[in-house]
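Structure assessment
So the chains spell out like this:
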Amino acid sequence: MLSRVADSLYWLGRYSERAYTNAYIINVQIDQMLELSRTEKQYEQQWHTILSICGYIESYESRYEGYPISQMLNYLISDLQNYNSIDSLLTGIRNNAKNTRDCIPNALFEEWNSLYLANNESPLQAPYTVLATTEYLVKVRKTSLTATGIIDSLMSRDESFLFMKIGKWLERSEKTALIILNLMENEEILKQDFAVTLALQLTNTLDEYTRRSRMRDAEKVLNFLVGDKNCSRSVGYGIGKIKNTIFEIENHEVPLYAQQLFEAIEAIEVLIQQNASDMTKQERKQWVIQIHNQCIKLGPIFSETYYLTEPILVK
Amino acid sequence: MFKAYDSATFFDEMLKDDLPKKHYIPFYEQLQKFSNEQLQNKHMEAQSSFLRQGITFTVYGAQGGIERTMPFDFVPIIIPGETWSEIELGIKQRVKALNYFLQDVYNERNILNAGIIPAHLVDENPYYYKQVIGINLALENHIFMAGIDLIRDECGKYRVLEDNLRNPSGLSYVFQNRLVMRKTYPEFFSDYAILSLEEQMEAMEKALLSHRPPNLATDEEVNAVLLTAGVYNSAYYDHVFLAKEMNIPLVEGRDLIVQDNSVYLKTIHGLKRVDIIYRRIDDEFLDPEVFREDSMLGVPGMVQAYKEGNVAILNAVGNGVADDKAMYAYVPDMIRFYLNEEPIIDNVETYLLNDEQQRNWVLKNLDKLVVKNVGASGGYDMLIGPHSTQELRDIFHKKILEAPHQYIAQPTIKLSRAPAYQDGRFYPCHIDLRIYAIQGEQMHIVPGGLSRVALKEGSLVVNSSQGGGGKDTWVLKEDGQHA
C-alpha cells in the first residue's frame, strides 16, 4: 500500500474516532451544564476541562475572552481555526476519505460527504440552542457509527482496513489517558467522587462499569480505564489491539524496521500492568502522565516505521 | 409535461416536424405517463445523487476551486445501431491516422517531408517536445485514450469538432450518467435494448496493461498506476473512478521516485517498481528536470526512465502536437496520407489565420464565425460571432492580428438540439458528443460516449466549466430497432 494512502487512512481512522468522541463529550457536558449554576466554580472548571480534552485550552484562551457558553460551543464545534473542532474534523475526514477513495467503500465516502454537505448548506451556528446543538452532535455520532459499520461490514481485512483501525485505537487510547489526566489535575475542584463519575461518563463507560462493579473507588475506576482487558475504551485494550494489528501486518514477526515500534508498545504495556491501588496519589498522577506521554509518542514512531507521508494538497 | 417545440431551425435528435422520431417513440410515450411532480422529484433525486457521491469537478477561480456537479439531464441521446457502426468506423479511422502521425513526426517526418503538412506547424508547436523524439514506445502507441468531440450540423450530419489526445476527461460521467439513469428513471429502459457499459472497464484495463515498457522481461508481472494531480484537480473524480475500475493505485507525484532510471512507488514496505504510468497531468508538469522546474506534481527523472524504455507513459508525451485546433484542419489529409482512405467523418470547415487571404476574409466576417485559440480548451478564449458584441469582436480582431497562428475560425455550426428538462420545463438545448477510443493491442470504442448539453437556453457552449450538463447516451443494440 502507498505510504501516502496509508497515512490518510490512519488519519481517517483517528479523525473519525475523535469526531465521535468529541461530539459525545460535548453532549455529556451540555447535559451536565443544565443542572449547574453558571456562578459555581465547578461549572467553569468543568468547561475548562472539556476545552482541554476536546481542543487546546491555551489556544482558546489566547483568542477568546471568558467562558460564555455560545463562545465555547463555537470554538468546540464550528471554529475552523481549532483543528479539533467538529467542523474541522469533518473537513479533515472528508479530505482524507477523498484522498483514499480508491481504497475505501463508496458508501463510506458518501456517509461522511452527506454530513459535510448538509453542514455546509445549513451550518450549526450561534445561538447554539441546546436542542439544535444536541441534534447536530447526535448526527455526527450516528454518522461515525454508521461509518464504522460500513468499514466493518464492507471492507476486506487488508492493510487499508488495518491502518484505519490502528488510527482509531491509538486515538481512543490517547483520549482516555487525556481524560483521566485532566480530571486528576482538577480533582480538588471537581471533588473526587464527581471526577470519578465524570471520567466514566466522558469515556462513555459509565454503564459498562456500573454493570460490573457498584463501587466507584478512584483506584478501581483508574485500573478499569487504564488496563481493563474487556473495556473497549481502556488504554490497555486499544494498545493491545494496535499490537495485534501490527503483528498481523507483519505476518506475526518482528522485522528489524518495526523493532522500535514494538518496543514502544511494550513499554506502554509494562506501565499499564501496574496497579493503581499500590500507589500514592502523587504516584498515580505520575503514572497517568507517563502513560499519556507514551501514547502520544507512539503515533510518530508508527508513522516513521511505515514511511507514512503526509499528502500535500495542491490547490 | 413534455410539449413538442418548433424544431424546424435546427436538427433535433428527438423530434421531426414536432413528432418524436421512430427510435424515440417508446421514450416519448413513457414520458407522457409522468406527472410534473414526479418528474420534478426524480430530477432532484438525480442531481443530489451526484453531489452525495462526490461526483464533482472543480471550477478554478479567484477564490480557489469551487466543487460543482455536472447537471444531469434525463432525456437520453439515442443512437440507432447502424448510425453507431458508422461513427465507430470513422473514429477508429481518425485515431489510427492520428497515431501514425504522432509516430511519424517523432521519427521519420514523412508527412512533413512530403509537404502534406507545413513543417513549421510541427516544429513551432509548443506541444512538440524534441526531448522525446525517437523514443521506442510500447506498441508504438501514442494514444491510449482519445476523446473525439462530434457534433451534428443542421442536416444531422456528424462532424468532428475537436480531437483530445492528451488527457480527455469525462469517462466516469458516461458510467455515472448510466447508473443514475438506471436507478432514477428505470421506466425509460423498457422497450429498448441498448449496448451495455458493463464490460468496458475490463477492456480498458487490458488495453492499459498491454503497454509493457520495452525493457520489461516478458515473464515479469506488469505494475501500472494512475498519476493524478490530487484531490483539488478539476477531474479528480474521473481519476478515482478510472483507478478503481482498472484496479490500479491512484498516485500523486510525491508517491513516486526515480532510481537508476526506473520509477518506483513509495509503499509502507519500501519501494515497488512501476512499469506503466497512466498520467492525468499535463506534459509540462511531468518532470521538473525536463519540463517546468516549478512543477510539484511530477517526478524528477521520469522522462529519462521513459526514454530508457523502463516505464511506459500513457498517453505518450508530446501528443499535444496532434490535437491543437490548427493541426485539426489537416487530419483529413493525414487519413488520406497514412491510410489511403477518404475520411468517414468530416471535419468542420476551418480557416487558418496565418494564411493572409483566409485571415482577411475572416476578419471581415467575424460576426458570422466562431474564433478559437488553438491552444485553449474548455470554451475559454473563444468568440462566437453571432452572439458577440462589437466590442468583443474588436478585441478578437486585435488578438488575431497580433498572433494569427494562435487562432482558427470556423463557420457557426447550427449544433443539433435535444430536449432538456430544467426548472420544471422542457426546452431545446444544443448538444455534442465525446466519443472515447481506447487503444491497446486493438482499438476499442466505448459505446455511446458522453453527450454534453448547453443547458443555458440558446448557448452553444457545452463545457461543464461553462455551465454545461450531461446526458446518458444509448446505442441501440439491434440494427433497425425503432429506427
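Let us look at the structure shown here.

Conventions and cut-offs
Residues numbered from 1 in each chain as written. Chains lettered and ligands numbered in written order. Predicted model: local features only at pLDDT ≥ 70, side-chain atom pairs only at ≥ 80, totals over all residues. Heavy atoms only, no water. Helix = DSSP H or I, 4+ residues; strand = E, 2+ residues; numbered from the N terminus. Rg over C-alpha atoms; globule rule 2.2 N^0.38 Å. Buried < 20%, exposed > 50% of the residue type's maximum accessible area, 1.4 Å probe, protein only. Contact = heavy atoms within 4.5 Å. Areas by Shrake-Rupley, 256 points an atom, 1.4 Å probe, with all protein chains shown as cover. Lys, Arg positive; Asp, Glu negative; His and termini not counted. Charge placed at Lys NZ, Arg CZ, Asp CG, Glu CD. Phe/Tyr/Trp six-rings, centres within 6.5 Å; stacked < 30°, edge-to-face > 60°. Lys NZ or Arg CZ within 6 Å of the ring centre and 35° of its normal. Buried area = accessible area lost by both parts, 1.4 Å probe. Salt bridge = Lys/Arg side-chain N within 4 Å of Asp/Glu carboxyl O. Nonpolar A, V, L, I, M, F, W, Y, C, P; charged D, E, K, R; others polar. Axes fitted to C-alpha atoms, helices over the stretch in contact; angles between N-to-C directions. Parallel < 35°, antiparallel > 145°, perpendicular 65-115°, else oblique. Pairing = 2+ DSSP bridges.

1. A word on the overall build of chain A
The helix and strand inventory of chain A stands at 15 helices and zero strands. Compactness check: chain A gives a C-alpha radius of gyration of 19 Å against a globular reference of 20 Å for 315 residues, within 12% of the reference. Per-residue burial over chain A gives 58% buried out of 315 residues. A separation of at least 24 residues holds for 68% of the contacts in chain A among residues at least 6 apart in sequence. Total accessible area on chain A is roughly 13900 Å²; 49% of this is exposed by carbon and sulfur atoms. Distance between charge centres in chain A, computed from 32 positive and 40 negative side chains, equals 4 Å.

2. A word on the packing of aromatic side chains
The description of two aromatic rings rests on the distance between their centres and on the angle between their planes. In total, this model carries 35 aromatic pairs over all chains according to the counting rule given. Seen in terms of ring centroids, A:Y10 and A:F302 are 5.2 Å apart; in terms of plane orientation they differ by 40°. Their pairing is tilted. Of the two residues, A:Y10 is situated in helix α1 (residues 3-33) and A:F302 in helix α15 (residues 281-305); the sequence distance between them amounts to 292 residues. Of the residues examined, A:Y10 reaches a relative accessible area of 1% and is grouped as buried. One residue, B:R166, lies across the ring of B:Y127, its end atom 4.4 Å from the ring centre.

3. Considering unusual backbone geometry
Omega for the bond connecting A:A126 with A:P127 falls within 30 degrees of zero, at -5°, which places this linkage in the cis form. The omega torsion across B:L314 and B:N315 is -20°, close enough to zero to call that bond cis. With respect to the secondary-structure elements, B:N315 resides in the loop between β14 (312-314) and α10 (331-339). Residues other than glycine seldom take positive phi values, yet B:E140 does so here, at roughly 50°. Here B:E140 is to be found in the loop between α5 (119-123) and β6 (145-152). On the basis of relative accessibility, which here comes to 48%, the residue B:E140 falls in the partly exposed class. Not every positive phi belongs to a glycine, and B:D191 is a case in point at roughly 75°.

4. What to know about the interface of chain B and chain A
With 26 residues of chain B at the interface, the matching set in chain A holds 34 residues. Surface buried jointly by chain B and chain A totals about 2700 Å² across both partners, of which 53% is contributed by carbon and sulfur atoms. It is B:Y232, B:R254 and B:I268 in chain B that bury the most area against chain A; as a group they hold 27% of the surface buried on that side. For the interface between chain B and chain A, the tally reads two salt bridges. Counting only elements with at least two residues in the side of chain B that touches chain A, the list comes to α2 (36-52), α8 (236-246), β9 (250-251) and β11 (262-267) of chain B. Tallied by class, residues from the side of chain B that touches chain A come to 14 nonpolar, five polar and seven charged.

5. Regarding the packing of helix α7 (residues 200-209) of chain B against α8(B)
Between two packed helices, both the angle of their axes relative to each other and the distance between the axes serve to describe the pair. All names here are of chain B. At their nearest, the axes of α7 and α8 sit 9 Å apart, and the two run at 85° to each other. One finds that α7 runs roughly perpendicular with respect to α8. Along the contact surface, α7 presents M201, M204, E205 and L208, while α8 presents F241, L242, E245 and M246. Tallied by class, the residues present in the contact of α7 with α8 amount to six nonpolar, no polar and two charged.

6. A look at the pairing of strand β10 (residues 256-259) of chain B
All names here are of chain B. Along β10, the buried face is formed by L256 and V258; none of I257 and Q259, which line the opposite face, is buried. Where β10 and β11 come together, four bridges link them in antiparallel fashion. Each bridged residue has a counterpart across the sheet, and for Q259 the counterpart in β11 is S262.

7. Some words on the pattern of salt bridges
All names here are of chain B. Per the stated rule, a full pass over the model turns up 38 salt bridges over all chains. For the salt bridge of K471 with D73, the shortest nitrogen-to-oxygen distance reads 2.6 Å. Here K471 is found in strand β24 (residues 469-475), whereas its partner D73 is found in strand β5 (residues 72-79), with 398 residues between them in sequence. Accessibility expressed as a relative area gives 0% for D73, which makes it buried. Across the pair E162 and K325 runs a salt bridge whose closest N-O atoms are separated by 3.7 Å.

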